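These are the residues of each chain, in order.
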Amino acid sequence: MRIYVTRAIPDAALRRIANALPAARLEVNPEDRTLSAVELREHARGADALVCTLADRIDRALLETLAPRLRVVATFAVGYENIDLEAARTLGVRVTHTPGVLTEATAEIAVALLMACARRIVEGDRLIRAGEFRGWKPLGALGHSVYGATVGVVGAGRIGRRVAETLRRGFGCDLLVYSRSRRPDWEEELGARFVDLDAMLEGADFVTLHCPLVDETRHLIDAAALARMKPTASLVNTSRGAVLDEVALVDALRRGEIAAAGLDVYEREPRLAEGLAELPNAVLLPHIGSATHQARNAMGRLCAEAVIAVLAGREPAHALV
Ligand code: NAP
Ligand code: GLV
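Residues numbered from 1 in each chain as written. Chains lettered and ligands numbered in written order. Predicted model: local features only at pLDDT ≥ 70, side-chain atom pairs only at ≥ 80, totals over all residues. Heavy atoms only, no water.

**Let's talk about the environment of alanine 8**
Here alanine 8 is to be found in the loop between strand E1 (2–5) and helix H1 (11–20). Spatially, the C-alpha atoms of alanine 8 and valine 51 are 9.9 Å apart, while their sequence positions differ by 43 residues. Setting aside chain neighbours within four positions, we find alanine 8 in contact with Val28 and Asn29. (Helix = DSSP H or I, 4+ residues; strand = E, 2+ residues; numbered from the N terminus. Contact = heavy atoms within 4.5 Å.)

**Notes on the sheet that holds strand E5 (residues 94–96)**
The strand order across the open sheet built from five strands is E2-E1-E3-E4-E5, with neighbouring strands paired in parallel fashion. The strands lining the two open edges of the sheet, one partner per strand, are strand E2 (25–28) and E5. Each neighbouring strand pair of the sheet contributes to a mean axis angle of 15 degrees, computed without reference to strand direction. Here four bridges tie strand E3 (residues 49–52) to strand E4 (residues 72–75), and the two strands are oriented parallel to one another. (Pairing = 2+ DSSP bridges. Axes fitted to C-alpha atoms, helices over the stretch in contact; angles between N-to-C directions.)

**What about helix H7 (residues 158–171)?**
Under the 1.5 Å per step criterion, the end-to-end length of H7 is 19 Å for 14 residues, consistent within 8% with the ideal 20 Å. When we look at burial in H7, the residues that qualify are Ile159, Gly160, Arg161, Val163, Ala164, Glu165 and Leu167. Close packing links the buried residues of H7 with helix H5 (103–119), strand E6 (150–154), strand E7 (174–178), helix H8 (184–190) and strand E9 (206–209). Remark: glycine 172 follows H7 within two positions and exhibits a positive phi of approximately 60 degrees. (Expected span 1.5 Å × (residues − 1). Buried < 20%, exposed > 50% of the residue type's maximum accessible area, 1.4 Å probe, protein only.)

**A few points about the site of ligand 1**
In the vicinity of ligand 1 there are 24 residues, among which Arg158, Ile159, Arg180, Ser181 and Asp264 approach most closely. A distance of 3.3 Å separates an oxygen atom of ligand 1 from a polar atom in the side chain of histidine 287. Calculation on ligand 1 without its partners gives an accessible area of 930 Å², and the protein chains cover 87% of this total. Considered class by class, the residues forming the shell around ligand 1 number seven nonpolar, 12 polar and five charged. (Near = heavy atom within 4 Å. Polar contact = N/O pair within 3.5 Å; in protein donor to acceptor, adjacent residues only side chain to side chain. Areas by Shrake-Rupley, 256 points an atom, 1.4 Å probe, with all protein chains shown as cover. Nonpolar A, V, L, I, M, F, W, Y, C, P; charged D, E, K, R; others polar.)

**Observations regarding the site of ligand 2**
Within the structure, ligand 2 sits among Leu54, Ala77, Val78, Gly79, Leu102, Arg240 and His287. Glycine 79 is positioned such that a nitrogen or oxygen atom in its backbone is 2.8 Å from an oxygen atom of ligand 2. Contacts to ligand 2 include arginine 240, whose side-chain N or O atom sits 2.7 Å from an oxygen atom. Protein chains bury 87% of the 190 Å² of accessible surface belonging to ligand 2 in isolation. Taken together, the residues that form the shell around ligand 2 break down as four nonpolar, two polar and one charged.

**Thoughts on a nonpolar patch on the surface**
A surface patch of nonpolar side chains, amounting to about 290 Å² of accessible area, comprises Leu127, Ile128 and Phe133. Among the residues examined, leucine 127 registers a relative accessible area of 34% and is labelled partly exposed. (Patch = residues over 30% accessible without salt bridge, like charges linked within 9 Å, V, L, I, M, F, W, Y side chains within 5 Å. Salt bridge = Lys/Arg side-chain N within 4 Å of Asp/Glu carboxyl O.)

**Concerning the domain arrangement of the chain**
Once the domains are mapped, the chain shows domain 1 (2–101 + 292–311) and domain 2 (103–284). Each of domain 1 and domain 2 has a C-alpha centre, and the two are 32 Å apart. Buried area between domain 1 and domain 2, summed over both chains or domains, comes out near 610 Å², and the portion from carbon and sulfur atoms is 50%. Viewed at the interface, domain 2 and domain 1 are joined by one salt bridge. Put simply, glutamate 81 and arginine 240 hold a salt bridge, and the shortest N to O gap is 2.7 Å. Connecting domain 1 to domain 2 are two residue pairs in polar contact (both at pLDDT 80 or more). For the side of domain 1 that touches domain 2, the per-class residue count stands at five nonpolar, four polar and one charged. (Domains from an automatic or database assignment. Buried area = accessible area lost by both parts, 1.4 Å probe.)

Here it is as structure tokens:
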């Protein structure tokens, strides 16, 4: 059996696979970069199992090349818009992902970005480093309070819930929620109000995105949506870059249509929309939502268990197909 891993993942996960399947040939891309489509096809050829990342495009053409030998694709991520699930289903390839174990890590980053926007933390850091701090001043670097603010949450899932809990219980925020399904537990336990997108955008002081990237959410936040937000509001995106129209965001930030944005994800990662990096009111992180030792080890463990289960003829946990 051959198992191909497209990027280095935590050692413990590789050891777990090697121990459980000692006769298998386990190969890991030795280079610290995402493979091109051609490289991926060549390296994955002949694999019984593939461990991939969110940056690998697992499309029908690739799956057709690798099936029927390929039995499982275990993605080292919770988001899976890069994988053609329908093709996998037709070709009999199982697909698994890593939900739950990165929820807290990603929620932390969303809250951190929200705070950074509200209190202009990165701007302040830059000012100090530029030697421009002349001492405390009554009207310097004023931001917006998070305590008691109204927070709009898009996507009432695992990560959205942690963010909502943190802001509700820790900061007394009111919650306006826009999601696919209404969640009575959010209403009862967090006092959340489920509203339509426009009402959420118009009422929120902070908007934070936690839905998956699907056809219905691509550019959900476009120029018209940004125009509905308060000029004092901030937008946080830790979901997927394309949920937001990044060019429209640059425009809205430039024109002061919204106060600030905190982004962990980008439409054309690792590239940024023109002008975004020059904006003082944008806080930009390099897609590190799940980047804690704890979360990444747990993600590796889930991938390893999925590969082991499928190759042993067992049902894997967290199967998408
Ligand atoms: P989840 O538990 O599945 O939550 C997603 C939520 O979005 C669900 O409540 C879902 O509704 C809702 N939703 C689905 N389609 C929608 C639509 N068309 N409009 C509005 N809401 C919709 O997923 P999660 O674990 O919280 O992760 C959320 C996303 O975060 C992932 O898909 C991934 O893209 C992103 N993520 C990013 C990082 C990072 O490093 N920045 C890390 C982890 C995850 P239902 O309740 O009806 O299903
Ligand atoms: C990260 O972005 C993930 O989807 O796990």
